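One letter stands for each residue in the lines below.
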Amino acid sequence: MPYHRYRPAHERVSLPGGGARSWPSARIERAPLWVPVDLRDGNQALAEPMGTDRKRRLFDLQVALGFKEIEVAYPSASRTDFEFVRHLAGAVQRGEVPEDVTVVVFTPARRDLIERTFAAIEGLPRAVVHLYAATAPVWRDVVLGRSRDEVRAMVEDAARLMVKLGGDREGLRFQFSPEVFNLTEPDFVLELCDALTGLWDASPDRPVTLNLPATVEIATPNVYADQIEYMHRNLARRDAVILSVHPHNDRGTGVACAELAVLAGAQRVEGCLFGNGERTGNVDLVTLALNLYTQGVDPMVDFSDIDEVRRTVEHCNRLPVHERHPYGGELVHTAFSGTHQDAISKGLDAHARRARELGVPEREAPWDVPYLPVDPADLGRSYEAVIRVNSQSGKGGVAHLLRAHRGLDLPRELRAEFARVVQTATDDSGGEADAELLWSLFESAYLAPGTDGESVRLADWRADQVDGAAGGEYRFVGALTVHDRPGDYEGTGPGPVSAFTRALAAAGVEVTVLDYAEHATSTGADAPAAAYVKCRVGERVVWGAGLAPATLTASVRAVLSAVNRAL
């Protein structure tokens, strides 16, 4: 590949000089102002741009999520965008938009387009007019054909026109973006921004938003952070400025750029839900907000029903969200790997114990589960899809699904043994084993031999404690058929299971119980019982399992299961 055609970032980016970096030691302790630009910048990237109906649906979602400033259109770009702003003006007048939500409209530095933009926002009590102009050398030379002084004059003329059209209108604020900020000389950006905050008479009561976009991402995120910190330190009217960033994702590091920019002094972040946008997209606001959430910081937006957010965005954009997309993807909380499943299953059990010890619901207990940085329930997800089984899975995932869906808590050795049964089935099919298939495999391999075995069958039987016997001795009496030879047999022992094994010995089947476990499969007096036994049958050591309304019946079936599996 002809890599020599490309210049490294340090030859393209004019880095500010002087001053020690403070951002590497900073911490994000509060959310910035999130500003979704799906309806403008994201919409421009769609093969089929949104009409009013889809735009309104996405706008209403963003309002419901808690966004307070929303960029809604490029009114001079198309009739559709202009009409949508007029639609929103009517919605505001009808009280359909909360009073604390401000719409943002976007315009280039051209007189006719600025005038049309102001016509679009007529009647909106709260609005931000967002002015932009390309400022980087390549854009000045190739696209605009203007010098630095000419670009500055163009921007200042546009800014004066905005003042003339906006006047002293209450509720109207201004924003400026030096497009491709990250490739523009820092002194030129500072010169432009200071000129505009002066022209617009920026004050703490009526601040100006200065939005500094990484329009095309070309360097590592630390470079962008240095550029933002330079502006943060050197702006003439810093207390009258909302410092904003708008990272794109060309290098795949848009989220990191935004986070480091906030560390460097940015107060506002523009982006899209799930990162839609030109080329590789705008920075992803869902990921940014939930990254803060996992650090114990209130993101100030509500993603507690992430699936509904994803469905709405997919409908409006006509683009799918990737299944492994951070937080919102359909499979993002799902583990197929055996080691991951085992860790998650143990972690969920530990979380439940911790909640009980603290005396709080599980939803309120501190979260610390391996491989799950956020509780899926906080995002409106159930735990059913957390662990799914295929040929890559292990005993932990298999055991978790049996416990979650059937109430079976398999002993450790039996988990490993059954996992091999499942892996054989998934290797053969090449597909996933859902909870129903797991149950079918377990029933066939372990439960059926205890009720419908071919080698040994048990008909009428009872197990009673022997009257007057010391130590509570039991007698087992039953009709056994061994290799098609029926007979009545009995045995005695210190417990009903041992009495049954001696009845089997009387029928010619030598069985030694090596391990035994039992439990109820759910709460309540009528919950079915499960029993598991590890037996030596002749020279073989095998596991058996039984399920029945009564514990004794389940135990007898488990022994029969082991015997039939061995024989």
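No experiment lies behind these values; they were computed from the predicted model shown. (Residues numbered from 1 in each chain as written. Predicted model: local features only at pLDDT ≥ 70, side-chain atom pairs only at ≥ 80, totals over all residues. Heavy atoms only, no water.)

**Q** Is there a simple way to think about the packing of helix α9 (residues 221-234) against helix α10 (residues 254-263) in this case?
**A** The geometry of a pair of packed helices is captured by two quantities: the angle between their axes and the separation between those axes. With their axes 8 Å apart at the nearest point, α9 and α10 run at an angle of 35° to one another. Seen from above, α9 lies across α10 with right-handed handedness. Note on element contacts: α10 touches α9 through Ala256, Cys257, Leu260 and Ala261, opposite Pro221, Asn222, Tyr224, Ala225 and Ile228. Split into classes, the residues belonging to the contact of α9 with α10 amount to eight nonpolar, one polar and no charged. (Axes fitted to C-alpha atoms, helices over the stretch in contact; angles between N-to-C directions. Helix = DSSP H or I, 4+ residues; strand = E, 2+ residues; numbered from the N terminus. Left-handed = near helix turned anticlockwise from the far one by under 90°. Contact = heavy atoms within 4.5 Å. Nonpolar A, V, L, I, M, F, W, Y, C, P; charged D, E, K, R; others polar.)

**Q** Looking at this structure, how should I read the UniProt feature "binding site: Mg(2+)" (unreviewed entry) in the protein?
**A** The positions UniProt marks with the feature "binding site: Mg(2+)" (unreviewed entry) are Asp41, His246, His248 and Asn282. Spanning 242 residues, the named residues form one tight spatial group whose C-alpha atoms are at most 10.7 Å apart. Here His248 shows up in the loop between β7 (241-247) and α10. Locating Asn282 in the fold gives a position in the loop between β8 (268-271) and α11 (285-293). If we skip the residues at most four places from it in the chain, Asn282 touches Val37, Asp41, Gly42, His246, Pro247, His248, Gly271, Cys272, Gly275, Asn276 and Gly277. One polar contact links Asn282 to His248, side chain to side chain, over a distance of 3.1 Å. (UniProt positions renumbered as here; feature names shortened; annotations may be inferred. Polar contact = N/O pair within 3.5 Å; in protein donor to acceptor, adjacent residues only side chain to side chain.)

**Q** Sorry, what's going on with the packing of aromatic side chains here?
**A** Describing an aromatic ring pair means giving the distance of the ring centres and the angle of the ring planes. Under the definition given, this model contains nine aromatic pairs. Measuring from ring centre to ring centre gives 4.5 Å for Phe106 and Tyr132, while their planes differ by 10°; the resulting arrangement is stacked. Of this pair, Phe106 sits in strand β3 (residues 102-108) while Tyr132 sits in strand β4 (residues 127-134), and the two are 26 residues apart along the sequence. Both rings, one in Phe418 and one in Phe442, keep their centres 5.2 Å apart while their planes meet at 85°; by these two values the pair is edge-to-face. Taken together, the residues span a long stretch of sequence, with Phe418 in helix α15 (residues 412-429) and Phe442 in helix α16 (residues 435-451) at a distance of 24 residues. Here Phe418 and Phe442 have matching classes, each one buried. (Phe/Tyr/Trp six-rings, centres within 6.5 Å; stacked < 30°, edge-to-face > 60°. Buried < 20%, exposed > 50% of the residue type's maximum accessible area, 1.4 Å probe, protein only.)

**Q** Sorry if this is basic, but what is going on with the pairing of β3 here?
**A** Most of β3 sits out of view: seven of its seven residues are buried. Side-chain alternation along β3 places Thr102, Val104, Phe106 and Pro108 on one buried face and Val103, Val105 and Thr107 on a second face that is also buried. Examined bridge by bridge, strand β2 (residues 69-73) and β3 share four bridges and lie parallel to one another. Paired with Glu69 across the two strands is Thr102, which belongs to β3. (Pairing = 2+ DSSP bridges.)

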